[in-house]
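Architecture at a glance
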Amino acid sequence: MNTVTKTEAGRCPFAGHAGGGPERSAAVASVAHLWRDQPVIDWIDRWAAGPKPDGSALARLITVHVREIGKHFLSVPILTRLSEIRRQHGPRDAFLDAFLHSILDKYEGRYYNRSYLALPLIERIVEDPDSGLDPERMSVLLMADIVRHETTASSPDRPDAPTLRKRVTHALRFVASCVESGDDLEGLAERLPAPPANAAGDWFGMTVQPVYVAHDEYFFIRCLQAHEMVYTTLAADLRAATKAVRAGSFAAAITHLRHADTVFARAAMLFRLVATMRADHFHAFREFTQGASAIQSEQYKRFEIACGTPAAARLHSDAFTNVPAVRADALAGHDNLSDAYLDARRHGTFNAQQWDAIDGCLARLEAGHQRWKATHHSLARRMLGDAAGSGYTTGVPYLQKCLDNRLFWRLGEAYLAGSKVG
Ligand code: HEM
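In this text the structure is predicted, and so the values were computed from the model without any measurement.

1. Structural notes on the site of the ligand
Near the ligand there are 26 residues, and of these Ser293, Ala294, Gly389, Gly391 and Thr393 occur at the shortest range. Broken down by secondary-structure element, the contributors of at least two residues to the shell around the ligand are helix H11 (215-246), helix H12 (250-274), helix H19 (352-384) and helix H20 (396-402).

2. Quick look at the nonpolar core
Counting 103 residues, the largest nonpolar core has Phe99, Leu121, Met143, Ala171, Leu234 and Leu238 as its most contacted members. Sort the elements by how many residues they give to this core and H11 lands first, with 16 residues. Formed jointly, this core draws a minimum of three residues from each of two domains, domain 1 (6-127) and domain 2 (135-195 + 210-416). When near neighbours in sequence (up to four residues on either side) are disregarded, Phe99 contacts Ala59, Leu121 and Met206.

3. A word on unusual backbone geometry
Positive phi values are uncommon outside glycine, yet Ala118 reaches one of about 50 degrees. Here Ala118 shows up in the loop between helix H5 (113-116) and helix H6 (119-127). Classification of Ala118 by C-beta neighbours within 10 Å gives buried; the count is 24. With phi around 70 degrees, Tyr392 is a residue other than glycine that occupies positive phi space. Locating Tyr392 in the fold gives a position in the loop between H19 and H20.

4. Observations regarding the environment of Val140
In this structure, Val140 sits in helix H7 (residues 135-152). Overall, Val140 belongs to the buried group, with 21 C-beta atoms counted inside 10 Å. The sequence separation of Val140 and Ala226 amounts to 86 residues, and the corresponding C-alpha distance is 7.9 Å. With sequence-adjacent residues up to four places away left out, Val140 is seen in contact with Val175, Cys178, Val179 and Pro193.

5. Overview of the domain arrangement of the protein
Where interface size is quoted, it is often the accessible area lost as the parts come together. The domains assigned to the protein are domain 1 (6-127) and domain 2 (135-195 + 210-416). Centre-to-centre separation of domain 1 and domain 2, based on C-alpha positions: 30 Å. In this complex, domain 1 contributes 17 residues to the contact, which on the side of domain 2 involves 18 residues. For the side of domain 1 that touches domain 2, the secondary-structure elements that each account for two or more residues are helix H2 (55-69), H5 and H6. When the residues that make up the side of domain 1 that touches domain 2 are grouped by side-chain class, the tally is 10 nonpolar, four polar and three charged.

6. What to know about the packing of H12 against H19
As a packed pair, H12 and H19 sit with axes 10 Å apart at the nearest point and diverge in direction by 15 degrees. One element, H12, and the other, H19, form an angle in the roughly parallel class. You can see that H12 and H19 cross each other, and the crossing is left-handed. Contacts between H12 and H19 pair Phe250, Ala253, Ile254, Leu257, Arg258, Ala260, Asp261, Phe264, Ala267, Ala268, Phe271 and Val274 from the former with Gln354, Ala357, Ile358, Cys361, Arg364, Leu365, Gly368, Arg371, Trp372, Thr375, His376 and Leu379 from the latter.

7. Section: the environment of Ile295
Among the secondary structure elements, Ile295 is positioned in the loop between helix H13 (279-286) and helix H14 (298-307). C-beta crowding within 10 Å serves as the criterion here: with 23 such atoms nearby, Ile295 is assigned to the buried category. Counting along the chain gives 182 residues from Ile295 to Asn113, while the straight-line C-alpha distance between them is 8.2 Å. Apart from residues no more than four positions distant in its own chain, Ile295 is found in contact with Asp318, Ala319, Asn322, Gly389, Gly391 and Thr393.

8. Focus: the environment of Val40
Summarising the element assignment, Val40 is placed in helix H1 (residues 31-49). Of the residues examined, Val40 has 20 C-beta atoms within 10 Å and is grouped as buried. C-alpha of Val40 to C-alpha of Ile62: the two residues are 22 residues apart in sequence and 8.1 Å apart in space. Setting aside residues up to four positions removed in sequence, Val40 forms contacts with Leu61, His65 and Ile78.

9. Some remarks on the packing of H1 against helix H3 (residues 76-89)
Following both chains from N to C, one finds H1 and H3 inclined at 20 degrees, their axes separated by 10 Å at the closest point. Taken together, H1 and H3 sit at an angle that is classed as roughly parallel. The two elements H1 and H3 meet at a crossing, and its hand is left-handed. Contact residues: Asp37, Val40, Ile41, Ile44 and Ala48 in H1; Pro77, Ile78, Arg81 and Ile85 in H3. A per-class count over the contact of H1 with H3 returns seven nonpolar, no polar and two charged.

Definitions and limits used
Residues numbered from 1 in each chain as written. Predicted model: local features only at pLDDT ≥ 70, side-chain atom pairs only at ≥ 80, totals over all residues. Near = placed C-beta within 6 Å. Helix = DSSP H or I, 4+ residues; strand = E, 2+ residues; numbered from the N terminus. Core = buried A, V, L, I, M, F, W, Y, C linked by C-beta atoms within 7 Å. Buried ≥ 20, exposed ≤ 12 C-beta atoms within 10 Å, placed from the backbone. Domains from an automatic or database assignment. Contact = placed C-beta atoms within 7 Å. Nonpolar A, V, L, I, M, F, W, Y, C, P; charged D, E, K, R; others polar. Axes fitted to C-alpha atoms, helices over the stretch in contact; angles between N-to-C directions. Parallel < 35°, antiparallel > 145°, perpendicular 65-115°, else oblique. Left-handed = near helix turned anticlockwise from the far one by under 90°.

So, in structure tokens, the structure goes:
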């Protein structure tokens, strides 16, 4: 097994600057860095002076550079140029604007989960009318890309062959759960789904911006991006099921809930993938991810509030103060499945058989969520031990407390306790 060796990039020019931001320009670049960066700077200057600058060409160049040195180590002359380019060209090129949002996050002191994962760019690609994508299809592309990356990258710190096989197999299983492939994983690896062959699809390759140069950070970022896509899909399913219950449509409600059940199984697959990472490989890049944590994941909490308004203790804890927009929505009293369910029970909207089917789906979602949290907790304990979380919580003790939380806590005892989970 290879170990991660700290390259030159490991000597952080900004070490000691907790908040980041343009004030970091006080750091003096070494001669070696000037030598390394000059061709990139010249290229950017030529690009900016060109008659019709092409945003994706610039993004491709910056992506190659970031993968060589890590985003945390971009030099100030490059960052100031990119900042100015975003100001000038961002308003006419939404893809370039979204790309630079993530590239400049540390420099501008606003680094967090969303920018670490390049979510503005991923969302821009999904929302493009020509992409033919939705969050679920995007999650498949992200997993397919892990297979491609792990089977072609030649980094010295890639995992040993058995670990690699395991990782690729888990990624393929995720892909197989979304496309018609039978059990033929090998065959599936030969015909992996690819990004659309158009302008939106061109940007897919620019959606991984690692902070460091560790091999495992690439697949870790892809897993967290897939997590966002999975929970975006789940939140949409729960909102659609709520509407269907309100409309008294059993068929539509059960379709959305069963779909959510299938998608939830994929959320668990992501942990099997991440569990193929060694703790020391994780810590090699974690040093530079402080401030970005999935506790800031809006989609995870949007799914939660679509299930029901969280109990007051959770709503006022770190879990929700880290996602202020979602917390505000929950406090504003938006509709959710628990409210719709209780109203429908009062009005006798469905017959006993229909309630059994709905309760079974909700009980399975609850049980799946509990298993998801328990697996996450053990993974974090193995990787972190006693260390605090990168979202500044106590780490494992915070996750332990999350285990007590329930999605459908208002329905639990009265309706779901006797349901078959299957
Ligand atoms: C090396 C692996 C991982 C470790 C050590 C880890 C650790 C943690 C810690 C300590 C927290 C608490 C917040 C903080 O202070 O940062 C957290 C929150 C969270 N993590 Fe992870 N995590 C890992 C992987 C993942 C993965 C792969 C996912 C998704 C697929 C994920 C999703 C989440 C979510 C959604 C939260 C917020 C939970 C809540 O607020 O209820 N984590 N993680």
